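Below, each chain spelled out in residue letters.
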Amino acid sequence: MALKNKRIEVMNFLEKDIDALVEKYLIPIEKIWQPTDFLPNTEGNDEEFFEEVKEIRELAKELPYDFWVVLVGDMITEEALPTYESWLMDVEGVDQVNGKNGWSKWVSQWTGEENRHGDVLNKYLYLSGRVNMREIEVTTQHLIADGFDIGTDRDPYKNFVYTSFQELATYVSHNRVAKIAKDFGNKRLAKMCKIIAGDEMRHHHAYSEFVERIFEVDPNQMMMAFHYMMKQKITMPAHFLRETGGKIGSAFEEFSNTAQRIGVYTSLDYIDILEKLTKRWEIDKMTNLNDEAEKARDYLMKLPSRMTRVAERMKVPENSFEFKWVQPAIIK
């Protein structure tokens, strides 16, 4: 049987459990948090509203330049959601026509949860007074217009490896940003980023379970998909990041350097995520694999130590790149 047909057959087989997985990992719309829960109330007393905005702007002055670069980059990544949804809707086995199947139902409801992340961060940044919103909006539009290629094609196995990895990476980033904000006494922003991180962790567990279930019914090809994605390396969703007048991808390396410099997301975190996935999917315990899958498994088991040696030799630039997104540090 052709690999494509086998994957569709597996996706159809697993679809019967989607409703239970939606109930397990996603929160009903009426019960989940919304952006306004963390922002000044525009319908309330004018004086109270402006006092809250003033507090946001005053606390924003305490946070360092690199912090704002990372927060902006995280927000732009979240705001590029239309690209991610359109990509996942095109994956083999996901059918959004003829009344929609279970997989497209998952993608739609997952998108609804993710959409709140960019909304709340966007509004907070707008109120903070520390960023150039127009430059941010230009970058966001470029990122959506440029699209992306994460190397998964329409293969559901590869896409679920990618989302399992990437959801955990976004958890790490938002969680670290929350900690820095808390250390600077910015409780509102810390709470905001912490709850976003919680969403990302739930989504990580969901996509990881999708992979676990595929391993149960098609271990050889699932192992090959995992091997393929890690050999070519997981491409970050904002890898085409650029500022006004820049070429595609020209801002991503500097954004990545900034995230590494302040410890929000580093090459060691990348390796740690790989090890967590390998452990969760019990790669080392799998039996009855064919020769090709066995070689793939051996490669995956040795990969973390190999990558650690490379990471230890990497040097991150000490000086901050001047992004158009962020106003210069405020001199008191």
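Residues numbered from 1 in each chain as written. Predicted model: local features only at pLDDT ≥ 70, side-chain atom pairs only at ≥ 80, totals over all residues. Heavy atoms only, no water.

A. Region of the structure containing a negative patch on the surface. A contiguous patch of negative charge, built from E47, E48, E51 and E55, is present on the exposed surface. Following the sequence through the fold, E47 ends up in helix α3 (residues 46-60). Classification of E47 by relative accessible area gives exposed; the value is 62%. (Patch = residues over 30% accessible without salt bridge, like charges linked within 9 Å, V, L, I, M, F, W, Y side chains within 5 Å. Areas by Shrake-Rupley, 256 points an atom, 1.4 Å probe, with all protein chains shown as cover. Salt bridge = Lys/Arg side-chain N within 4 Å of Asp/Glu carboxyl O. Lys, Arg positive; Asp, Glu negative; His and termini not counted. Charge placed at Lys NZ, Arg CZ, Asp CG, Glu CD. Helix = DSSP H or I, 4+ residues; strand = E, 2+ residues; numbered from the N terminus. Buried < 20%, exposed > 50% of the residue type's maximum accessible area, 1.4 Å probe, protein only.)

B. Spatial organisation of the packing of aromatic side chains. Taken as a whole and assessed by the stated rule, the structure comprises 20 aromatic pairs. A centroid spacing of 5.5 Å and a plane angle of 40° characterise the contact between Y84 and F148, whose relative ring orientation is tilted. In this pair, Y84 is assigned in helix α5 (residues 81-89) and F148 in the loop between α7 (133-146) and α8 (156-183), connecting sequence segments 64 residues apart. With centroids separated by 5.4 Å and ring planes inclined at 35°, the aromatic side chains of W103 and F160 adopt a geometry described as tilted. Of the two residues, W103 sits in helix α6 (residues 102-128) while F160 sits in helix α8, which places them 57 residues apart along the sequence. Given the relative accessible area of 2%, W103 is considered buried. One aromatic cluster is present, built from ring pairs that chain together W103, W106, W110, F160, Y207 and F210. (Phe/Tyr/Trp six-rings, centres within 6.5 Å; stacked < 30°, edge-to-face > 60°.)

C. View of α3. Over its 15 residues, α3 runs 21 Å from end to end, which matches the ideal 21 Å to within 8%, given 1.5 Å per residue. When α3 is considered as a whole, its buried residues turn out to be F49, V53, I56 and A60. Seen from one end, α3 has its buried residues packed into an arc of 55°, which puts them on one side. Within α3, the exposed residues directed more than 90 degrees away from the buried face are E47 and E48. Those residues of α3 hidden inside the fold are in contact with α4 (65-79), α6 and α9 (187-217). Capping of α3 at its N-terminal end is provided by N45; its side-chain oxygen lies 2.8 Å from the backbone amide nitrogen of E47. (Expected span 1.5 Å × (residues − 1). Arc of directions from axis to C-beta. Contact = heavy atoms within 4.5 Å. Polar contact = N/O pair within 3.5 Å; in protein donor to acceptor, adjacent residues only side chain to side chain.)

D. The nonpolar core, seen in detail. Formed by 107 residues in total, the largest nonpolar core has its most connected members in W68, L71 and W106. If sequence neighbours within four positions are ignored, W106 has contacts with L21, V22, Y25, L26, A206, Y207 and F210. (Core = buried A, V, L, I, M, F, W, Y, C linked by side-chain atoms within 4.5 Å.)

E. Summary view of the side chain of H239. Mapping H239 onto the fold places it in the loop between α10 (219-232) and α11 (252-261). In this structure H239 comes out as buried when scored by relative accessible area, which is 16%. At 2.8 Å, the side chain of H239 forms a polar contact with the backbone oxygen of M236. Discounting residues that sit within four places of it in the chain, H239 has contacts with F148, D149, G249 and F252.

F. Layout of the environment of Y126. Of note, Y126 is situated in helix α6. By relative accessible area, which is 60% here, Y126 ends up exposed. Sequence-wise, Y126 and M236 are 110 residues apart; in three dimensions their C-alpha atoms are separated by 25 Å.

G. Structural detail: the packing of helix α1 (residues 3-14) against α9. Where α1 contacts α9, the two axes come as close as 11 Å, and the packing angle between them is 115°. The way α1 lies across α9 gives a crossing that is right-handed. Counting all contacts with α1, which are made through V10, F13 and L14, the residues of α9 involved are F210, R213, I214 and V217. Among the residues forming the contact of α1 with α9, the class breakdown is six nonpolar, no polar and one charged. (Axes fitted to C-alpha atoms, helices over the stretch in contact; angles between N-to-C directions. Left-handed = near helix turned anticlockwise from the far one by under 90°. Nonpolar A, V, L, I, M, F, W, Y, C, P; charged D, E, K, R; others polar.)

H. Inspection of a positive patch on the surface at higher detail. A surface patch of positive charge is lined by K302, R306, R309 and R313. By secondary structure assignment, the location of K302 is in helix α13 (residues 291-311).

I. Spatial organisation of α6. Between the first and last C-alpha of α6 there are 40 Å, a value that for 27 residues agrees with the 39 Å anticipated at 1.5 Å per step. You can read the cap of α6 off the contacts: a side-chain oxygen lies 3.3 Å from the backbone nitrogen of W103, and it is on N101. Positive backbone phi, approximately 80°, marks G129, located one or two places after α6.

J. Region of the structure containing the side chain of T111. Along the chain, the position of T111 falls in helix α6. With a relative accessible area of 9%, T111 lands in the buried category. Once residues within four sequence positions are removed from consideration, T111 is found in contact with L81 and E85.

K. Just the environment of G263, in detail. By the secondary structure assignment, G263 is in the loop between α11 and α12 (267-280). Taking C-alpha positions, G263 is 9.8 Å from I180, a pair spaced 83 residues apart along the chain.

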